Amino acid sequence: MAGRIEEYAIVGDMQSVAMICTDGSVDWLCLPRFDSEASFAALLGTQDHGRWRIAPAGVTGTSGATRRYAGDTLILETEWETPGGTARVTDFMPPRDDDDAPVLIRIVAGVSGTVEMEAELRVRFGYGAVTPWLRKTDGGIRATAGPDAIWVDTPATLTGKDMTHTATFSVSAGDQVPFVLTYMPSHKGAPPSLDPFHALAKTRKFWDDWVSRCTYHGSYREPVIRSLITLKALTYAPTGGIVAAATTSLPEDIGGVRNWDYRYCWLRDATITLEALLRTGYLAEARAWQQWLGRAIAGDPQDIQIMYGVAGERRLAEWEADWLPGYEGSLPVRIGNAAAGQFQLDVYGEVIDALELSYRAGLHDDEHTWSLQCSLLRFLEQHWTEPDEGLWEVRGPRRHFVHSKVMAWVAFDRAAKYADAQGEKELASGWRDTRDAIQREVCEQGWNAERGAFTQYYGATELDAAVLLISDVGFLPADDPRVVSTVKVLKANLMQGGFLRRYELPPGGTSAVDGLAGSEGAFLACSFWMANALELSGRHDEAVEVFERLLALRNDVGLLSEEFDPRYGRLVGNMPQAFSHVPLVQTALNLSGHATQHRRGGPMDERRSVPG
């Protein structure tokens, strides 16, 4: 059985991520990309679906284990205290160039006394469905099936039985026993030899150098740095695309059906991600993300998707891995994401907002970008009055979601500013007219006087935390009585255990809005939005209280999943979640007043020059 979601840490190479439990088991690893088929899938099944555990002999759980990242790096160190002594397992993936093979290195070191260690390796390709051929090599073993091959090199003696390889060895103070796992296409030969200790030194230097570029030195530096490292880890380096999470089908409702594949890049994250990178000094990453965005959405505006693959792929067909029993019985296990084909108005606002923020930061200013904006806005002028599936990708009927309309307003607001700066006064005037029409409609049809709040969709009584963004994007000022009342109503009705749910769900049966059965935890991004809304309205102490309550949810190595379920006191949903860590950064910066020139929706005369 897999560990609790909060028991997982990650190591990664900016193209893939390994999920490692506190008990020393690698339970999830997709190679060579984030969205490749998993070679270890015990996270969503059992040990028979693939895992790689290294721990003291005879220890079956997490007893005696403590862990940390080595400083501000993505190098994981797990120490085991045993009656005979202390041993440390150091896990990392060296950052790689496009042509390099993906490598996961695990180094077992004796710290004190003598500790007998066990390693158990079960490679199962195809999300645990394919048992490979296993052959001994000069330095270890090779596992091969179809297009995939994994090579494991180690001085420890690996013994095979029942399609599993194990090794038992002892380490005393000063001893080091490395294991080097390399993925190769099966038609190629052995991978190039790699010195694991040299690779460790290079990896440490990479992260030290990267973190040194951060411009934020405020009171929340530790969680901000860890969140930025996590965001970097979720970045697909060859293209600049950033995946929403490293996993698929970790449940929002344990035992339920709300299980989705998040190993793709969402346009909804565009502006807040760009803002977080720009405000912390990561201009190269911001430029790479902005360029990925431009490539991904190229083409006919009506064909824009809400998400894409890491290289901009559009076909993300959803299917079910029915041989996997799911995390703690949560079925189905979904691969791919059918929401890619949904119509969501808000993505147009996110894209235009990101392009306008890029312009103010000096990341671009060219004819292609201008042409792209104009074509997007021509499409949006014709379609903003239509219902959509909304930010939350509901699988119920389309509705006139308030957040979607607000983000359509953002598109025309930002475009009008950009057009003014370009001297296109006629275009700017027309776009402002459309912007104002949207605002009037939202204030008339999205406001529910009886509830004293902006609601989820036109004519609804249901609430939705997404309307907290109304003041953040500049649709209405934070001190507008309707905004103040909405914040109050959301706190009173969506807050559960001190954290905010996305929207109201019926106590039983299927939701008429999202078309799904079951419940879910508190969506962490929504609570960060609440903290921001409180800060914008001048309620700083309340904002800090909410923010620090959220920080306390991070696991022992500073990671957050998508949601927190107050019923069980557990993190739930995919892990680690960019849509939790990015608003964490954003909120910390807002509470500190850091780099406000790069906040979304600022005036066009705040444009900054960015070095090449």
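Rules used in this analysis
- Residues numbered from 1 in each chain as written.
- Predicted model: local features only at pLDDT ≥ 70, side-chain atom pairs only at ≥ 80, totals over all residues.
- Heavy atoms only, no water.
- Helix = DSSP H or I, 4+ residues; strand = E, 2+ residues; numbered from the N terminus.
- Rg over C-alpha atoms; globule rule 2.2 N^0.38 Å.
- Buried < 20%, exposed > 50% of the residue type's maximum accessible area, 1.4 Å probe, protein only.
- Core = buried A, V, L, I, M, F, W, Y, C linked by side-chain atoms within 4.5 Å.
- Contact = heavy atoms within 4.5 Å.
- Expected span 1.5 Å × (residues − 1).
- Pairing = 2+ DSSP bridges.
- Patch = residues over 30% accessible without salt bridge, like charges linked within 9 Å, V, L, I, M, F, W, Y side chains within 5 Å.
- Areas by Shrake-Rupley, 256 points an atom, 1.4 Å probe, with all protein chains shown as cover.
- Salt bridge = Lys/Arg side-chain N within 4 Å of Asp/Glu carboxyl O.
- Lys, Arg positive; Asp, Glu negative; His and termini not counted.
- Charge placed at Lys NZ, Arg CZ, Asp CG, Glu CD.
- Phe/Tyr/Trp six-rings, centres within 6.5 Å; stacked < 30°, edge-to-face > 60°.
- Lys NZ or Arg CZ within 6 Å of the ring centre and 35° of its normal.
- Axes fitted to C-alpha atoms, helices over the stretch in contact; angles between N-to-C directions.
- Parallel < 35°, antiparallel > 145°, perpendicular 65-115°, else oblique.
- Left-handed = near helix turned anticlockwise from the far one by under 90°.

Focus on the overall build of the chain
The number of helices and strands found in the chain is 14 helices and 28 strands. Relative to a compact globule of 612 residues, whose C-alpha radius of gyration would be 25 Å, the chain shows 25 Å and is just as compact. Dimensions of the chain along its principal axes, counting C-alpha atoms only, are 75 × 55 × 45 Å. Counting the 612 residues in the chain, one finds 64% classified as buried.

Concerning the nonpolar core
By size, the foremost hydrophobic cluster in this structure holds 206 residues, and its most contacted members are F169 and W529. In this view, F169 contacts V108, V115, E116, M117, A119, A156, V177 and F179; residues no more than four positions away in its chain are not counted. Judged by nonpolar contacts, the second largest core, of nine residues, contains I105, I107, V180 and L200.

Here's the deal with helix α8 (residues 402–421)
Relative to the 28 Å expected for 20 residues at 1.5 Å per residue, α8 spans 29 Å between its end C-alpha atoms, a close match to the ideal helical length. The element α8 is extensively covered by neighbouring structure, given that 17 of its 20 residues are classed as buried. Phi for G423, located one or two positions after α8, is positive at around 80 degrees.

Brief notes about the sheet that holds strand β27 (residues 563–565)
Strands belonging to one sheet form pairs held by backbone hydrogen bonds; the direction of such a pair is parallel or antiparallel. One open sheet holds the three strands; their spatial order is β26-β27-β28, and the pairing between them is antiparallel. Two strands bound the open sheet, and with one partner strand each, they are β26 (522–523) and β28 (570–572).

Things to note about the side chain of N532
Summarising the element assignment, N532 is placed in helix α12 (residues 524–536). The contacts of N532, once residues within four sequence positions are left out, are Q586, T587 and N590.

Concerning the side chain of T434
Looking at the element boundaries, T434 is found in helix α9 (residues 425–445). Setting aside chain neighbours within four positions, we find T434 in contact with E381, W384 and F412.

What about a negative patch on the surface?
On the surface, D97, D98, D99 and D100 cluster together to form a negatively charged patch. On the secondary structure map, D100 appears in the loop between β8 (85–92) and β9 (103–122). By relative accessible area, which is 36% here, D100 ends up partly exposed.

What to know about the packing of aromatic side chains
Applying the stated criterion across every chain, the model contains 27 aromatic pairs. Ring plane angle 45 degrees and centroid distance 5.8 Å describe the contact between F169 and F179, whose orientation is recorded as tilted. Of this pair, F169 sits in strand β14 (residues 164–172) while F179 sits in strand β15 (residues 176–185); the two residues are ten residues apart in sequence, bridging distant segments of the chain. By relative accessible area, F179 is classed as buried at 1%. Between Y220 and F547, the aromatic rings sit 4.8 Å apart at their centres with planes inclined by 85 degrees, giving edge-to-face as the arrangement. In this pair, Y220 is assigned in the loop between α2 (196–211) and α3 (221–233) and F547 in helix α13 (residues 540–551), connecting sequence segments 327 residues apart. Look at Y220 and you get buried, because its relative accessible area is 11%. Aromatic ring contacts, followed pair by pair, group W392, Y503, F523, W529 and F579 into a single cluster. Here the basic side chain of R106 rests over the ring of W52, its NZ or CZ set 5.2 Å away from the ring centre.

As for unusual backbone geometry
In this model, L31 is joined to P32 through a cis peptide bond whose omega is 10 degrees. By the element assignment, P32 lies in the loop between β3 (25–30) and β4 (38–40). With omega at -20 degrees, the peptide bond leading from M575 into P576 counts as cis. Mapped onto the secondary structure, P576 falls in the loop between β28 and α14 (578–592).

Digging into α3
Compared with an ideal rise of 1.5 Å per residue, which puts 13 residues at 18 Å, α3 spans 18 Å between its outermost C-alpha atoms and is within 8% of the ideal. Counting buried positions along α3 gives eleven out of 13 residues, so the element sits mostly inside the fold.

Regarding the packing of helix α4 (residues 270–279) against helix α5 (residues 283–296)
The interhelical angle for the contact between α4 and α5, taken along N-to-C directions, is 160 degrees, at an axis separation of 8 Å. Here α4 lies roughly antiparallel to α5, going by the angle between them. Where α4 crosses over α5, the handedness of that crossing is left-handed. Contacts between α4 and α5 involve A270, T273, L274, L277 and L278 from the first element and L283, E285, A286, W289, Q290 and L293 from the second.

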